[in-house]
Amino acid sequence: MKKFINDAGLVESQMVEGMVKAYPKHLRKLDCGNVVVRARKKEGKVALISGGGSGHEPAHGGYVGTGMLDCAVAGAVFTSPTPDQIFEGIKAVATDKGVLMVVKNYTGDVMNFEMAAEMARDEGILVDHVVTNDDVAVQDSLYTTGRRGVAGTVFVHKIAGAKAEQGASLEEVKAIGQRVIDNVRTMGAALAPCTVPAAGRPGFELADDEMEIGIGIHGEPGTRRGKLCAADEIAVMLLDRVLADLDYSGRKVAVMVNGAGGTPLMELFIVNNAVHDILTERGIGVYRTYVGNYMTSIEMAGLSVSLLRLDDELRELLDARADTPAFIEA
Amino acid sequence: MTDSKKILTILSKINFRLQENKDFLTGLDSAIGDGDHGINMSRGFLAVMEKLPQMEDKDIATILKNVGMTLVSTVGGASGPLYGTAFMRAGAAAAGKTVLQGADFLALLDAAVEGIRQRGKAEKGEKTMLDALIPALEAFEAEHASAASPRRALERAVDAAREGVEHTKTIIATKGRASYLGERSLGHQDPGATSALLMLEALLESLE
């Protein structure tokens, strides 16, 4: 393992410290654990809290600021934060209008956030949550834990955050968050695995001519392995799954081509080029495009494509002002 | 069967077995999850070990609840809330006991397994720690009912857990991260069921 680190056990805390030092105008770190909150506390409006394992940078600390999150909680690399950490975060940002937790659908995240919510309710704090599950690689059924929450979660942060900033009630902020979840789908692929610092070796092995299709964001293998193909073909493969899952025809969409951390922008743009052409061919209008590292998996060479189906309100909230380290909307 | 002092020995033994198998568990998890189960369990039980000196004069219930809280606040992932809840529930079941007889231990194990079942919303056959723990509980209960010694009952429970772990190789995961791999989870033993087996083995060894 070759990484710019000091000690595998200090990766998370030193990352958070470094992030806060980079963005002192936006971020403040709580004394307990790796919990980041807005430098200036939001008052009288619903507070948003999210988080997950470390290794997804700029998520989640990068989305803390005006118009998005109030607090981000970072667990160990790819490991959900613990309930006491989340609880401290909730206490730090809670207002009388309540707190909405944005949780990605991974068993550990859901359980830890649920336990934190139980602790907060015991103290009289109003807490509710939404669970994002945009990944179409995994089928949703009664018999599984359902689809994973991946890059589409960033749209939930943005849009629910904008709604909260308007002064909406907890019920309304939750409802708009759920509307984003109902309208966003994602599919990803990887060309090379990543190495969790504490593990010291790559999560899986892949031959030079192979790719993993249907990856999540925790360095785990995909749902299947295939032969590597050209970017245009990969774009078709990913979009076919997304478009088969939700009817986007005749609609305006927001596109996110998200890098997994080890994919150059050049390649993300090449895939985005194909994505736009395919959508145009199929009569789907692109309203906004986001290309870059939004929800990464350390240094994984991979990417995902997300499509968010827009209506008037979602469009307006997507365009609303946001000022965070990793997402600025003037 | 066991008292407060013995509980501390058992916890040390569990820690030893988990540290010894840290890389093994992580390897199992790399195949079907995200490869951190050994790392997370190691971190959790090292934190438990740090607290043991303060627990020496505490009662069984307090010790077990403390272990549960420590695991919840240090392990993270899914294993933290699951094992944490198990130890906390076991602690609640041990309230007022200064010595655990076979029947008490059965109640403890039952409460722990029920806690995991509720927290994880899971059942047997979904390729999770319950595939080791439920057969172990059933075996212990059956042996206990036929008036076998606690040691004998625990031996059978460990055998049943071991068979349960083997069985996880033959089934597809429908809970937890392994479920996202679908059929690719076939052929791999479940890391959670394996860590549960390691704990039961450590418990048995401590009684020897």
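Keep in mind it's a predicted model, so treat the numbers as computed, not measured. (Residues numbered from 1 in each chain as written. Chains lettered and ligands numbered in written order. Predicted model: local features only at pLDDT ≥ 70, side-chain atom pairs only at ≥ 80, totals over all residues. Heavy atoms only, no water.)

1. Focus: the environment of B:Gly192
All names here are of chain B. Here is the rule: Strands here mean DSSP runs of E at least two residues long; helices mean DSSP runs of H or I at least four residues long; both are numbered from the N terminus. Note on definitions: a residue-residue contact is assigned when non-hydrogen atoms from the two residues lie within 4.5 Å.
Structurally, glycine 192 can be placed in helix 9 (residues 191–207). Placed 16 residues apart in sequence, glycine 192 and glycine 176 show a C-alpha to C-alpha distance of 10.0 Å. Once residues lying within four places of it in the same chain are set aside, the contact partners of glycine 192 are His37, Tyr83 and Met129.

2. A closer look at empty space enclosed by the protein
To keep things clear, this is the line we draw: A 1.4 Å probe that fits but cannot get out identifies a cavity on a 1 Å grid over protein atoms alone, an open set with protein on both sides within 12 Å along at least five of seven lines counts as a pocket, and a residue lines either if it has an atom within 4 Å of a point. Grid points are joined across faces, edges and corners, and a volume is the space filled by probe spheres set on the points. Under the scheme applied here, ten amino acids are nonpolar (Ala, Val, Leu, Ile, Met, Phe, Trp, Tyr, Cys and Pro), four are charged (Asp, Glu, Lys and Arg), and all others, including Gly, are polar.
For the structure shown, the criterion picks out five cavities of 30 Å³ or more. Here the largest cavity is characterised by a volume of approximately 510 Å³. Those elements giving two or more residues to the lining of the largest cavity turn out to be helix 3 (107–122) of chain A together with helix 2 (22–32), helix 3 (37–55), helix 5 (79–93), helix 6 (102–120) and helix 9 of chain B. When residues in the lining of the largest cavity are grouped by element, the largest group, three residues, is from helix 3 of chain A. Grouping the constituent residues of the lining of the largest cavity by class yields 11 nonpolar, 12 polar and seven charged. Here the second largest cavity is characterised by a volume of approximately 410 Å³. In terms of lining, the second largest cavity is formed by 24 residues, of which the most central are B:Ile14, B:Phe87, B:Phe105, B:Leu109 and B:Leu203. Among the secondary structure elements, those contributing two or more residues to the lining of the second largest cavity are helix 1 (4–20), helix 5, helix 6 and helix 9 of chain B. The greatest single-element share of the lining of the second largest cavity, amounting to six residues, is contributed by helix 6 of chain B. Its residues assigned to classes, the lining of the second largest cavity shows 23 nonpolar, one polar and no charged.

3. Points about the interface of chain B and chain A
Threshold: Note on definitions: buried area is the accessible-area loss of two parts on being combined, 1.4 Å probe, summed for both. Salt bridges are counted wherever a side-chain nitrogen of Lys or Arg sits within 4 Å of a carboxyl oxygen of Asp or Glu. For the purposes of these results, a polar contact is taken to be a pair of N or O atoms within 3.5 Å, where, inside protein, one atom must be able to donate a hydrogen and its partner to accept one; residues adjacent in sequence count only when each atom of the pair is a side-chain atom.
At the interface, 34 residues of chain B touch 38 residues of chain A. Roughly 2600 Å² is buried in total at the junction of chain B and chain A, and carbon and sulfur atoms are behind 55% of that figure. Notably, a salt bridge pairs B:Lys121 with A:Glu114, separated by 3.4 Å at the nearest N-O pair. Here chain B and chain A share 11 residue pairs in polar contact (both at pLDDT 80 or more) between them. When residues in the side of chain B that touches chain A are grouped by element, the largest group, five residues, is from helix 2 of chain B. Considered class by class, the residues forming the side of chain B that touches chain A number 10 nonpolar, 15 polar and nine charged.

4. Points about the confidence of the model for chain B
Selection criterion: pLDDT measures the predictor's confidence residue by residue and takes values from 0 up to 100.
Of the residues in chain B, 100% reach a pLDDT of 70 or more, and the chain-wide mean stands at 94. Quick note on the complex model: pTM equals 0.93, ipTM equals 0.88.

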